[in-house]
Amino acid sequence: MKIWTEHPARNDVEAVVRRYFSLLRAGRIPEAEQLVQHSSVRHVLESLWAGSVGASAEADETSGSRAADEWERDLSWLGELDLGDFAWGHTDSNHYVEVTYRGRTIEVALGFWVKPTDAGWVLAGPSTLW
């Protein structure tokens, strides 16, 4: 987990979030979990699936529906996600980042927050924001 000795700058936090997301996209889930003080990665992946591939399948009935648990069996869909804009709170301790699927912003954003611990400052999250 990345630990800062003082409150990190926005660009430092955003770099960790980008690294976290690139590891997720590559299917390297255990490595991604090591970067942040993590909540349930299963919940995060399921939410990203529902907001992207799942929503796309519902909107496009002709494509045929995918199995509800397909997101767990085949993580290749993660490669079609990307990060959008970052939105910061007024204290620079919390922010969310939009997620895109095939270039379109989805309804799910990821929330992160910087928090103090005994060892220093860490990045926690992500929460899923609908």
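Up top is the structure these notes are about.
Procedures and definitions
- Residues numbered from 1 in each chain as written.
- Predicted model: local features only at pLDDT ≥ 70, side-chain atom pairs only at ≥ 80, totals over all residues.
- Heavy atoms only, no water.
- Helix = DSSP H or I, 4+ residues; strand = E, 2+ residues; numbered from the N terminus.
- Buried < 20%, exposed > 50% of the residue type's maximum accessible area, 1.4 Å probe, protein only.

S.K.: Tell me what's going on with unusual backbone geometry, and back it up with residues and numbers.
M.R.: Residue G125 is joined to P126 through a cis peptide bond whose omega torsion reads -5°. Mapped onto the elements of the fold, P126 is located in strand β6 (residues 121-129). The phi dihedral of D92 is positive, around 60°, even though this residue is not glycine. Assignment of secondary structure puts D92 in the loop between β3 (81-88) and β4 (94-101). We classify D92 as partly exposed; its relative accessible area is 28%. Non-glycine residue R102 carries a positive phi angle of around 55°. Counting through the fold element by element, R102 comes out in the loop between β4 and β5 (104-116). Taking relative accessible area as the criterion, R102 reaches 53% and is therefore assigned exposed.

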